[in-house]
Amino acid sequence: MNILINDGIDKEAKSMLEKAGFTLDMNKIPQQELAGKIQNYSAILVRSATKVKKTEIDAGVNLKLIGRGGVGLDNIDVEYARAKGIAVINTPDASTLSVAELVIAHTFGMARFLHQSNREMPAVGINKFEELKKKYSAGKELRGKTMGIIGFGRIGQETARIAFRLGMKVILHNRTDREFSLKVDFAQNDVNINLEFKVKATTFEHVLENSDFISIHVPFKKGDKPIISSKEFEMMKPGTGLINCSRGGVVDEKALLSALNTNKIAYAAVDVYESEPTDNLELLSHSAVSLTPHTGASTVEAQQRVGTQLASQVIDFFRGKGLI
């Protein structure tokens, strides 16, 4: 049973699959060549880089399973695959904590100007040390500030849990207008305290108008309109920080730059981009933007969880079919 692992996998997951009797091809096939070679495999496992759309699915005459290591399935034509009898699986929980922690890391960084001082200190050196010290002495504590969360799925909820632990207020907007009960653990040495926080969804406009920081966690498909554009930036309080560790395209990058340049918002954090790799040099060089190269799910722990969860599902699927 041949499996193409086109975007890499954790070594423990690789070992699990090999022990189960699968033959693994770890050599990445370029996207433009995939349709010509996919017929050699019973399954293909991908992350976000490889697309498995109608062309690849039609060519994969021996495909029984498509696996995506991660939350979304927007790089896979799920309905078409399932209509052709091909199972589609993913690992929606594996990277939740890692993405939420990056959101908070960016939030801390923006509040204390780390993204700016890290750029300026190597450039100006000791000559302007006192000047920079004064310039970046107006940082803010997160305790008591309001974190607005747009989209309250797994990652949005985990972001809220960390915000609550920091003493932040949380407001949210979600497709379903309901009250959420979040269990939040506070662990210190051998003492564990669990509290329950109730948060009721509010309007999109209310979150935009009343948040100190806004984090976005919504699905997005190619062709969709951005949910944050010029109109939405106008609703935000001066000094707001925007964080997008969700999907490229959710935020209109041109409108974002305009909002920053006119001081409508104070800063932004961007992990995902309208096109990747991004060539938006103005965005990449903007002093008020905290940047990461789409690494929200890229921690050692998340990669291990993604790999082992995916491997377990693959093994269970083929065993259930009596094929291994």
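Refer to the structure above for everything that follows.
Let us look at the structure shown here.

1. Some words on the overall build of the chain
- Summing up its helical and strand segments, the chain has 13 helices and 13 strands in all.
- Taking 2.2 N^0.38 as the reference for a compact globule, 324 residues should give roughly 20 Å; the C-alpha atoms of the chain span a radius of gyration of 22 Å, in line with that estimate.
- Principal-axis analysis of the C-alpha atoms places the extent of the chain at approximately 65 × 45 × 40 Å.
- Within the chain, buried positions represent 47% of all 324 residues.
- Looking at the chain alone, contacts between residues at least 24 apart form 58% of all its contacts between residues at least 6 apart.

2. Overview of helix H6 (residues 114–124)
- Restricting attention to buried positions, one finds in H6 the residues His 115, Gln 116 and Ser 117.
- The inward-facing, buried residues of H6 contact helix H5 (96–111), strand E12 (267–270) and strand E13 (289–291).

3. Things to note about the pattern of salt bridges
- Tallying each qualifying case throughout the model produces twelve salt bridges.
- Here Arg 154 makes a salt bridge to Asp 93, at a shortest N to O gap of 2.5 Å. Of this pair, Arg 154 sits in helix H8 (residues 154–165) while Asp 93 sits in the loop between strand E5 (87–90) and H5; the two residues are 61 residues apart in sequence, bridging distant segments of the chain.
- With a relative accessible area of 47%, Asp 93 lands in the partly exposed category.
- The residue Glu 158 makes a salt bridge to Arg 161 at a minimum N-O spacing of 3.3 Å. In this pair, Glu 158 and Arg 161 both sit in helix H8, three residues apart, roughly one turn of the helix.
- Taking the relative accessible area as the measure of exposure, Glu 158 reaches 14% and is therefore buried.
- Judged by its relative accessible area of 18%, Arg 161 is buried.
- Each of Lys 54, Asp 58 and Lys 84 takes part in salt bridges that share partners, so that together they form one network.

4. Here's the deal with the packing of aromatic side chains
- The tally for this structure, following the rule as stated, stands at seven aromatic pairs.
- Each ring, one from Phe 164 and one from Phe 197, has its centre 4.2 Å from the other, and the planes form 15°; the classification is stacked. Taken together, the residues span a long stretch of sequence, with Phe 164 in helix H8 and Phe 197 in strand E9 (residues 191–200) at a distance of 33 residues.
- Centroid distance Phe 213 to Tyr 267: 6.3 Å. Interplanar angle 5°. Geometry classified as stacked.

5. Observations concerning the pairing of strand E11 (residues 241–244)
- Residues Gly 241 and Ile 243 of E11 are buried on one face, and the alternating residues Leu 242 and Asn 244, pointing to the opposite face, are buried as well.
- Note: strand E10 (residues 213–216) against E11, four bridges, orientation parallel. Along E11, the bridge assignment pairs Ser 215 with Ile 243.
- In this sheet, E12 lies alongside E11 in parallel orientation, the contact comprising four bridges.

6. Here we look at the pairing of E12
- With burial as the criterion, each face of E12 is covered, one bearing Tyr 267 and Ala 269 and the other bearing Ala 268 and Val 270.
- Remark: the E11/helix H11 (residues 253–261)/E12 crossover connection has right-handed handedness.
- Sheet topology places E12 next to E13; three bridges connect them, and they run parallel. Paired with Ala 268 across the two strands is Val 289, which belongs to E13.

7. Re the environment of Asn 210
- Relative to the elements of secondary structure, Asn 210 occurs in helix H9 (residues 204–210).
- Separated by 30 residues in sequence, Asn 210 and Thr 240 have C-alpha atoms that sit 9.3 Å apart.
- Those residues in contact with Asn 210 that lie beyond four places of it in its chain are Thr 146, Ile 171 and Lys 237.
- Polar contacts involving the side chain of Asn 210 include one to the main-chain carbonyl oxygen of His 206, which spans 2.8 Å.

8. Looking at the packing of H5 against H8
- Two elements in contact, H5 and H8, have axes whose closest approach is 8 Å; the angle formed by their N-to-C orientations is 50°. In terms of orientation, H5 and H8 fall into the oblique class. In the packing of H5 onto H8, the handedness of the crossing is right-handed. Residue-level contacts link Thr 96, Leu 97, Val 99, Ala 100, Glu 101, Val 103 and Ile 104 of H5 to Arg 154, Ile 155, Glu 158, Thr 159 and Ile 162 of H8.
- Of the residues in the contact of H5 with H8, the class split is seven nonpolar, two polar and three charged.

9. Overview of the environment of Asp 279
- By the element assignment, Asp 279 lies in the loop between E12 and helix H12 (281–285).
- Sequence separation between Asp 279 and Thr 50 is 229 residues; the distance between their C-alpha atoms is 20 Å.

10. What to know about the sheet that holds strand E1 (residues 2–5)
- Taken in spatial order, the five strands of this open sheet run E2-E1-E3-E4-E5, and their pairing is parallel. Where the open sheet ends on each side, the last strands, each with one partner, are strand E2 (23–25) and E5. Neighbour-to-neighbour, the strand axes of the sheet open up by a mean angle of 20°, direction not taken into account.

Reading the values: rules and limits
Residues numbered from 1 in each chain as written. Predicted model: local features only at pLDDT ≥ 70, side-chain atom pairs only at ≥ 80, totals over all residues. Heavy atoms only, no water. Helix = DSSP H or I, 4+ residues; strand = E, 2+ residues; numbered from the N terminus. Rg over C-alpha atoms; globule rule 2.2 N^0.38 Å. Buried < 20%, exposed > 50% of the residue type's maximum accessible area, 1.4 Å probe, protein only. Contact = heavy atoms within 4.5 Å. Salt bridge = Lys/Arg side-chain N within 4 Å of Asp/Glu carboxyl O. Phe/Tyr/Trp six-rings, centres within 6.5 Å; stacked < 30°, edge-to-face > 60°. Pairing = 2+ DSSP bridges. Right-handed = clockwise from strand over helix to strand, strands pointing away. Polar contact = N/O pair within 3.5 Å; in protein donor to acceptor, adjacent residues only side chain to side chain. Axes fitted to C-alpha atoms, helices over the stretch in contact; angles between N-to-C directions. Parallel < 35°, antiparallel > 145°, perpendicular 65-115°, else oblique. Left-handed = near helix turned anticlockwise from the far one by under 90°. Nonpolar A, V, L, I, M, F, W, Y, C, P; charged D, E, K, R; others polar.

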